[in-house]
Amino acid sequence: MPRFSDGVSHRILPRAVLGELGRLLEQYAQSDQATLVTEAQFPAAAAQDSQFWLLLSPELTVLINSQPQPQSLTSDGQSSPQCQVGMTFEVDAIARFLTALVAQPSLKAAHQKTLNSLIERLQPSAPHAQGDFTLALLESFSPATLQPDQALVCQPVQRALDQQVERSLLLGQVITKIQESLELSVILQTTVAEVRQFLGTDRLLIYQFDLEATPDTRSMTDPGEGVAIAPASGAARHSGYITYESRASEQISSTLNYTETYCFNDQTNCRLRSLEGKAFAIDDVQSAYAHSSCLQAFLQQVQVRSKLVAPIMVNHKLWGLLIAHQCLDSRQWQPWETEFLQHIAEHLAIAISHAQLYQQLQQQTYNLEACVIERTQNLRDALASAQSANRAKSEFLATMSHELRTPLTCIIGMSATLLRWSFGDLSARQREYLNTIHDSGAHLLALINDILEVSKIESGRTVLEVSEFSITNLGRQSLEAYRLESTSHGIDLHLDLKLLPDQDTFVADLRRVRQIVSNLLSNAVKFTPAGGRVVLRLRRDQHMLTLQVEDTGIGISESQQPLLFEKFQQLETTRHRQYQGSGLGLALTKQLVDLHGGSINVASKLGMGSVFTVRLPIQRLAESLAVETVRPLPVEPSVGRIVLVEDNEESAGLICDMLTAADYQVIWVIEGSQVLEQVEVLQPAAVITSVNLLGSNGYDIIRALRRYVGTLDIKVLALTDGHTPDQEHTARKAGADDVLTRPIDPEHLLKTITALMSLTHP
């Protein structure tokens, strides 16, 4: 049978306690569902009168071993058989004991295999399980449960168990306090105070190695005393310093911040034991370090006469030392004290590792937060810059578009006037040129209008001009605008209306809804080959208007469909373009749909056509706005007299030329203050007045015409600027029958005048 090894606490006890001990272990194994191994299972390896009990469970590993001792005489002269009983919870000590059993030459192979499997199952005991077992032993040997003779025999056992219980409880308390915090300073300070008090030492400290210190540091200095001792020549250096300390009284000198760089390495055995993680005790430092004057001088300086050292190994590296000092007298350290300090050092190592990981996590969290804050600020700056650039772009486009519309209006208006006035006097080539000028100007004006509309919507300056209108008229007029083009290309244009009698009216921005339908029809006609078909479907429910344009055109591939509603996107490559367009039509359409709070989607297959579906919610009609009624346009204009109030000579000349070419009699009035008298004398059919006159207020002129009885039946057409949408509302509120926005479209001007001439005031 193997003898007691290092790490096993043992006592000389009467052999009478063994029977009670064996019964207790059997009962404990049954109640705790643990495995109990005894020497009886390995008869070939057991020595005579030697016994052992190995108790294994998921939370408890304990070994009790007994060796026979010579008999001793009791107080009455009787001989008493004795034995040496040892108990340990240390996994390493238990493993060494079992390994020694396996090495017995007489042990059978099957028994060797069993013992090896037991060694593999060994694991550290939980503190609470270790305390419970010790309390069970104490209860088993308490005087209340034993016969008088048994109690007398077991008194030494009880004393030993009392000490074991106290140590287990303290160990559990210290471990609990260590685990309560992740702050390393709190953990270390708590540990040195609790352990010093329990061990009853004069001083307990933590010596921490500074692995990053420069190797040339050669002094060991007490900062308070300025004492420095030089190392021996060629000695190895390992810098460190005392970081935490607990003292029994003020008489014990403080060693905080003491440092050394060489004495530790001079003691080869001490250094090797520390690096291996083994605790060791020095009962008399003077005799133990008699050969090291360096270390003797240091220990004498800090009043150390005995010391107990447990290394703290963190991640298999020597982090520091947990050191107990006896200063006032020498002390013989007990094995359990070495074992206890070793336990504390191991748990400290785990706590230090966790604290370091926690600190790293905190640092990483801080760095991540800093990166997020910096990135967020960069994104905000980029967004602000982009928004500023977008506003500048929109303002530039609005300004340039407005400036370009005025000369374009002249080009369109004068070419239209020449075509109308010079009929019969122009050659075919001249008429072709004029038509090209007129159509190109109209195309360019439409493009500029689209750009201006997009920029106004993006800048948030656009509001809906809500009115009630007829869905049927919307569909028919929209289709008629493309009837000639579709017929010339051999495309069948069809209107599909399915409305109940009370579903024909709808409330929205008529001009922009008409533009939505126009853009979709324009695309459908453009991309549908000859012989194809384009259908406009209009449906309405209680709260929604559904517009659907279906064609049998070239279709759109799935990969290109996400680009449809992006500005300035052409699905054809530049080198293979067959269809004209700026790429603004569908982008503007989507913005107009979004402005109404609606939705637009497309279903298309390449080579099979496309279906665009728009759903618009009904808008709320403002009470202050007059309800617009869509009126059918007569084919031929009614001839009449018109008074034009305009102080801009270029604009007035253009309007006069266009209306005169359409057989209207136009009287141009420059001074707005004389308008009412002129109108009363001339009795025109209509008055066209600008709201932006230099010398007069155009809105006041409209109000005066509406108040004066002699001018009540005269139709009033107001001219406004396109970049100020509130002007139209103000003009209608003042009494204007209709409003035209500059720059003036000749065709729109003639249609509007024709409609006014046919309108009768109630």
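Placed above this text is the structure.
Parameters at a glance
Residues numbered from 1 in each chain as written. Predicted model: local features only at pLDDT ≥ 70, side-chain atom pairs only at ≥ 80, totals over all residues. Heavy atoms only, no water. Helix = DSSP H or I, 4+ residues; strand = E, 2+ residues; numbered from the N terminus. Buried < 20%, exposed > 50% of the residue type's maximum accessible area, 1.4 Å probe, protein only. Contact = heavy atoms within 4.5 Å. Areas by Shrake-Rupley, 256 points an atom, 1.4 Å probe, with all protein chains shown as cover. Phe/Tyr/Trp six-rings, centres within 6.5 Å; stacked < 30°, edge-to-face > 60°. Axes fitted to C-alpha atoms, helices over the stretch in contact; angles between N-to-C directions. Parallel < 35°, antiparallel > 145°, perpendicular 65-115°, else oblique. Left-handed = near helix turned anticlockwise from the far one by under 90°. Core = buried A, V, L, I, M, F, W, Y, C linked by side-chain atoms within 4.5 Å.

## Points about the overall build of the chain
Counting its regular elements, the chain contains 21 helices and 25 strands. Relative to its full complement of 762 residues, the chain shows a buried share of 46%. For the chain, the proportion of contacts with a sequence separation of at least 24, taken over those separated by at least 6, is 69%. By element, 52% of the accessible surface of the chain is carried by carbon and sulfur atoms, the whole surface being about 39600 Å².

## A closer look at the environment of Thr38
Mapping Thr38 onto the fold places it in strand S2 (residues 35-38). Taking relative accessible area as the criterion, Thr38 reaches 17% and is therefore assigned buried. For the pair Thr38 and Trp53, spaced 15 residues apart in sequence, the C-alpha separation works out to 4.7 Å. Beyond its immediate sequence surroundings of up to four residues, Thr38 is in contact with Phe52 and Trp53.

## Digging into the packing of aromatic side chains
One pass over the structure, following the stated rule, counts 7 aromatic pairs. Each ring, one from Tyr258 and one from Phe298, has its centre 6.1 Å from the other, and the planes form 55°; the classification is tilted. Of the two residues, Tyr258 is situated in the loop between strand S9 (240-247) and strand S10 (259-260) and Phe298 in helix H10 (residues 293-301); the sequence distance between them amounts to 40 residues. Summarising the burial analysis for this pair, Tyr258 and Phe298 share the class buried. Put simply, the rings of Phe198, Trp336 and Phe340 touch in pairs and so form one group of aromatic residues.

## Things to note about the packing of helix H15 (residues 510-526) against helix H16 (residues 585-595)
Two numbers describe how H15 lies on H16: the axes approach to 9 Å, and their chain directions differ by 150°. The angle between H15 and H16 places the two elements in the roughly antiparallel class. In this structure, H15 meets H16 at a crossing whose hand is left-handed. Taking contact as the criterion, the partners of Arg512, Gln515, Ile516, Asn519, Leu520 and Asn523 in H15 are, on H16, Gly585, Leu586, Leu588, Thr589, Leu592, Val593 and Leu595.

## Points about the nonpolar core
Across soluble globular proteins, nonpolar side chains have a tendency to be buried as a group. Grouped together as the largest cluster of nonpolar side chains are 39 residues, with contacts concentrated most on Ile516, Leu521, Leu547, Phe612 and Val614. A total of 8 residues in this core trace back to one element, the largest contributor, which is H15. Beyond its immediate stretch of four places on either side in the chain, Leu547 contacts Val513, Ile516, Val517, Arg537, Leu538, Phe612, Thr613, Val614 and Leu616. Counting 29 residues, the second-largest nonpolar core is a separate cluster that includes Ile206, Leu308, Ala324 and Ile344.

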